[in-house]
Amino acid sequence: MTTSTVFLRAGEVTAIAGGSGAGKTTLLEALAGRCAGDAMGFVPQDDIIHRELPVARTLQYAARLRMPAGTSAAAVDAAVTRVIGALGLTGHERQPVATLSGGERKRVSIAVELLTRPEVLFLDEPTSGLDPATGAELLATAKQLAADGTAVALTTHTPADLLRADRVLFLGQGGEVVYDGPPQELCAAFGAPTVEEVYGRVASGVHPALAGAAAPSGPGAAAWPPPPGVGGPGETRPADGGTASGGGGDAAPDAATSPQAGVRRLGAVRQWALLTRRNADILRRDRLSLAVLGGSPVMIVAMFAVLFKPGAFDPAAPMPSSSAMILFWIAFGAFFFGLAYGLLQICAELPVVRRERRTVLRLGPYVLAKLTVLLPVLAAADVLLLTVLRALDRLPDAGWDVYGPLFATTLLASAAALALGLLASACVSQPAQATLLLPLLCFPQVLFSGAFVPVPQMALPGRVLSYAMTNRWAYEALGSGAGLESLWTNGHSPLGPPLLASYGDSFSHPVILSNALLAGFTLLFLAATWIVLARRCRRSAERKGLGTY
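Residues numbered from 1 in each chain as written. Predicted model: local features only at pLDDT ≥ 70, side-chain atom pairs only at ≥ 80, totals over all residues. Heavy atoms only, no water.

K.L.:
Which residues make up the pattern of salt bridges, and what values do they have?
P.N.:
Evaluated as defined, the whole model comprises 15 salt bridges. Ionic pairing is found between Arg9 and Glu12, a salt bridge with its closest N-O pair at 3.2 Å. Looking at Arg9, the relative accessible area reads 22%, which means it is partly exposed. Note that Arg107 and Glu137 form a salt bridge whose closest N and O atoms lie 3.4 Å from each other. Of this pair, Arg107 sits in helix H4 (residues 102-114) while Glu137 sits in helix H5 (residues 132-147), and the two are 30 residues apart along the sequence. With relative accessibility at 13%, the residue Arg107 sits in the buried group. By relative accessible area, which is 44% here, Glu137 ends up partly exposed. A single salt-bridge network, built from bridges that share partners, covers Arg57, Asp281, Arg284 and Arg285. (Salt bridge = Lys/Arg side-chain N within 4 Å of Asp/Glu carboxyl O. Buried < 20%, exposed > 50% of the residue type's maximum accessible area, 1.4 Å probe, protein only. Helix = DSSP H or I, 4+ residues; strand = E, 2+ residues; numbered from the N terminus.)

In structure tokens:
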């Protein structure tokens, strides 16, 4: 039986059952893939929502993303209040999602989809992992949603769920529908005393005649998704209205005439602003991340104070090797801050990105919002680094003409590293994988920056690789900005001229040239992040039969 002959009725809860590997989720996703965006809501098995935010804030951000541009704050609040009441979440508005029970988190996930009043709601294993009482409550909620006019389809492994549904689709091996009818007749159709034994009969090849497999008719009848040529997106409806999803027997409008079709969505700039506020809100509530963000620069500054003696940049008695290493570790510190901050930003919420991408999310504003929130934090870390090192006499005694370019370089180095971290985060699927990438991305930046082995002294392959290292350009810009050439040439240390000669023209380039390269790397990494995310979302959708983005 193909998805075009699977009919869903508004006002009914349809349970899709079957053994492991029978294709329950595949069928559900294929059905969802035939539906127009706002006409359907899809709730995956996992609770794909930001857990750091309170319930109300989570729903408010989701509503502002999904509802038409220009929707008033009062309308957003009304929609949030409506779904909170409908899902039995009253009293939990200010409670962080992470502290909710499994059933309550599932309700929040469902509430996100109900904000735009979908005509059909798909739930993948909604009772998985819940205790029997909580599962029963969730099924009762689904029944209430159906009673309000929404067609509900869900997959389940729980026998009790089948008896609470209005209709059961039971799949055999290979995804064949072997039963389609009321739950009360399921056991009799297979000659089994219990629902549990039905699974065994189906596994052994018992396939009774389908019960009620014909298309429903009469008041309230609805076909979802519409068969080819009947009200589908871009297709022609028959004159009598055909069969389409809707409540109370009224044929629902198709994609061309739906109240949700053609609505003006949030533009790129407004979506960027909203996502920036949400990212900042999440970051503010994540105490562990805040501790890491604040503690990393403090720890590195402390190590500088312990490792290097003061006076390395004293024109009367410079310390060439120390001054070179101080500037390198400043460059690497800026790189490390940015990379560490960016590595966990996307992989930890990739499922949320995929879910929101299916409806409204623009990837460009999403990536830029990450940069917007974290770049000021990195700027503060860079200012702290330079200020404390100057106060401890680990940097030259100079004014804004020197420290302005030094700060610009460290900030651009941090931005490039942050963009690289976001790219790496978009390429992996789990935070643990991102953590493993940290040393792999850091080691080349150390070895090929030109600090330990000057670029002119490298073998040809090493010199070629050094061009791709952002840390090289940050290090050379800092050396030029701090005036290493004049310091080593005019000072009294005999180590200066020979050491300078080994670096060649590394510190002769204009600072603006190296900074321009760092800015170019930042844009390149951000563009690559967008491309990787777009491909991953598209492949995920195609694999699940949910269409393309």
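K.L.:
Give me the lowdown on the pairing of strand E5 (residues 167-171), citing residues and values where you can.
P.N.:
A regular strand carries its side chains on alternate faces of the sheet. Burial analysis of E5 places 5 of its 5 residues in the buried class, the great majority of the element. Burial of the side chains of E5 extends over both faces: Arg167, Leu169 and Leu171 are buried on one face and Val168 and Phe170 on the other. Relative to E5, strand E1 (residues 13-18) is paired through 5 bridges, and the arrangement is parallel. Within the sheet, the bridge partner assigned to Ile16 lies in E5 and is Leu169. Judged from the 4 bridges that link them, E5 and strand E6 (residues 177-181) form a sheet pairing that is antiparallel. Along E6, the bridge assignment pairs Leu169 with Asp180. (Pairing = 2+ DSSP bridges.)

K.L.:
Got a sec to walk through the packing of helix H11 (residues 320-343) against helix H17 (residues 470-481)? Specific residues and values, please.
P.N.:
Between H11 and H17, the least distance of the axes is 9 Å, while the angle of their chain directions is 135°. Between H11 and H17, the angle is such that the two are oblique. The handedness of the crossing between H11 and H17 comes out as right-handed. Of H17, the residues touching H11 (which contributes Ala324, Leu327, Phe328, Ile330, Ala331, Phe332 and Phe335) are Thr470, Asn471, Ala474, Tyr475, Leu478 and Gly479. Looking at the contact of H11 with H17, its residues break down into 10 nonpolar, 3 polar and no charged. (Axes fitted to C-alpha atoms, helices over the stretch in contact; angles between N-to-C directions. Parallel < 35°, antiparallel > 145°, perpendicular 65-115°, else oblique. Left-handed = near helix turned anticlockwise from the far one by under 90°. Contact = heavy atoms within 4.5 Å. Nonpolar A, V, L, I, M, F, W, Y, C, P; charged D, E, K, R; others polar.)

No statement about biological role is implied by the geometric values presented.
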